[in-house]
Structures are given as structure tokens and as C-alpha cells.
Amino acid sequence: MSNARNLANLLGTSTTIPDAKIASITASKLPSGSVLQVVGTTNDVDVNQTGSTSMTDSISQVITPSSASNKIMVVGNHHYTLYAQTYSQMKVRLIRTIGGSDTSLLGENYLFAQHGSGSYYPYDLGGMPMNILDAPSTTSEITYHIQFAKHGSSGTLYHLHANHYGASSLILMEVKG
């Protein structure tokens, strides 16, 4: 049957798709690459890591894939603030957790603010994108986390924050495999 005939059968005499026809469209009938579900969150709650080198979540989001062959498109942004007397460093990573087991997806990434000359201390803030098309091969619940920690500093460390002057975001899309 031609695509024109399929469309005519779907629409009938109307220009809108009847609700009964929409309800019959299931994930199994969609082509590969179709987005099946989208979940997301933002976090503007300040998370301070001034004195710790332990990794802490700046944001996390849960998704449960409908098929083990589907992929998860992760679109994340870690909003950060660095401020120190001489220099400050922050390490950031994207983690996937399934059944209590963590997997690092993009390795560790580093942000750095260095003091120049004069009396001004380095102050750096912005967003760090963390995007990946992940293939977790599961139908179990998955939690994706963007985590950060102090990596190093010199002089007085005033700020090592997530979500201090902005918000981190994390969007997860299940993509049919």
C-alpha cells in the first residue's frame, strides 16, 4: 500500500488524526531513532564543595528504558562557580548507575580558575555541557548523575559550587534502537 493511501486511511475525511488511531500507535510501530520518552530536571539549589574532595551530585535524573536495545540520549549542563585567592580546580564527571553499580561515561573533566596579578582573585562561573548517546543495554531503572568535587586549590578557597549563580540541567531521552 502506498504512503498516500496509508495517510488517507488514517485521516479519513478529516484533516486531523482521530484519537482512536493515535492510541493504536505503539513503540513497536515506530522507526529506529524515534524518541519514546523524555524526562528532565533542573537544579538551582546551591551545592558547596569548598572543603571536600569527595564527589557530590550537582544534579541527577532517573529513566527506565522500555527495551534493552534502546539508547539514552543524555543532555546535561553542570553550572559551576570557582573562586579562590590563588587558584581553584573542580573535577566533574557524568555517572550512570544501574542496580547500585556506577559507570563513568565521559571520564573526569577539569575546570580551573587561576589568579592573575594585582588584588583581584580569580572568579570563574559558567556551564559545562555533558552530552552523550548512551547504550546501557537494560530495562532496569537508570540514574544519571553529574558529580563534582574539589580537585585542588591554593590560597583561600572561597567558592567551589554547583548551581550557585544559575542552574544545572539534565534531560534524558529514550531513543528506539
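About the thresholds
- Residues numbered from 1 in each chain as written.
- Predicted model: local features only at pLDDT ≥ 70, side-chain atom pairs only at ≥ 80, totals over all residues.
- Heavy atoms only, no water.
- Helix = DSSP H or I, 4+ residues; strand = E, 2+ residues; numbered from the N terminus.
- Buried < 20%, exposed > 50% of the residue type's maximum accessible area, 1.4 Å probe, protein only.
- Contact = heavy atoms within 4.5 Å.
- Areas by Shrake-Rupley, 256 points an atom, 1.4 Å probe, with all protein chains shown as cover.
- Pairing = 2+ DSSP bridges.
- Patch = residues over 30% accessible without salt bridge, like charges linked within 9 Å, V, L, I, M, F, W, Y side chains within 5 Å.
- Salt bridge = Lys/Arg side-chain N within 4 Å of Asp/Glu carboxyl O.

Draft legend 1. Quick look at the overall build of the protein. For the protein, the count of helices and strands is two helices and eleven strands. Across the 177 residues in the protein, those meeting the buried criterion constitute 34%. Taking the intrachain contacts of the protein between residues at least 6 apart in sequence as the baseline, contacts between residues at least 24 apart amount to 81%. Total accessible area on the protein stands at roughly 9200 Å², and carbon and sulfur atoms take up 51% of it.

Draft legend 2. Structural detail: the pairing of strand β5 (residues 87–98). Both β5 and strand β7 (residues 109–114) contribute to a ladder of six bridges, which runs antiparallel. Note that in β7 the partner of S88 across the bridge is A113. Pairing geometry for β5 and strand β6 (residues 101–104), over four bridges, is antiparallel. Residue pairing for β6: R96 is matched across the bridge by T103.

Draft legend 3. Structural context of a nonpolar patch on the surface. A surface patch of nonpolar side chains, about 240 Å² in accessible area, is lined by V35, V38 and I171. Tracing the backbone through its elements, the reader meets V38 in strand β1 (residues 35–43). Residue V38 is classed as exposed on the basis of its relative accessible area of 51%.

Draft legend 4. Representation of the environment of G76 in the model. By secondary structure assignment, the location of G76 is in strand β4 (residues 71–84). Residue G76 is classed as buried on the basis of its relative accessible area, which comes to 6%. As a C-alpha pair, G76 and M130 span 54 residues in sequence and 4.8 Å in three-dimensional space.

Draft legend 5. Representation of the pattern of salt bridges within the structure. Counted by the stated rule, this structure contains one salt bridge. Notably, a salt bridge pairs D134 with R96, separated by 2.6 Å at the nearest N-O pair. With a gap of 38 residues between them, D134 in strand β8 (residues 123–134) and R96 in strand β5 connect regions that are remote in the sequence. Residue D134 is classed as buried on the basis of its relative accessible area, which comes to 7%. Residue classification places R96 among the buried positions, given a relative accessible area of 12%.

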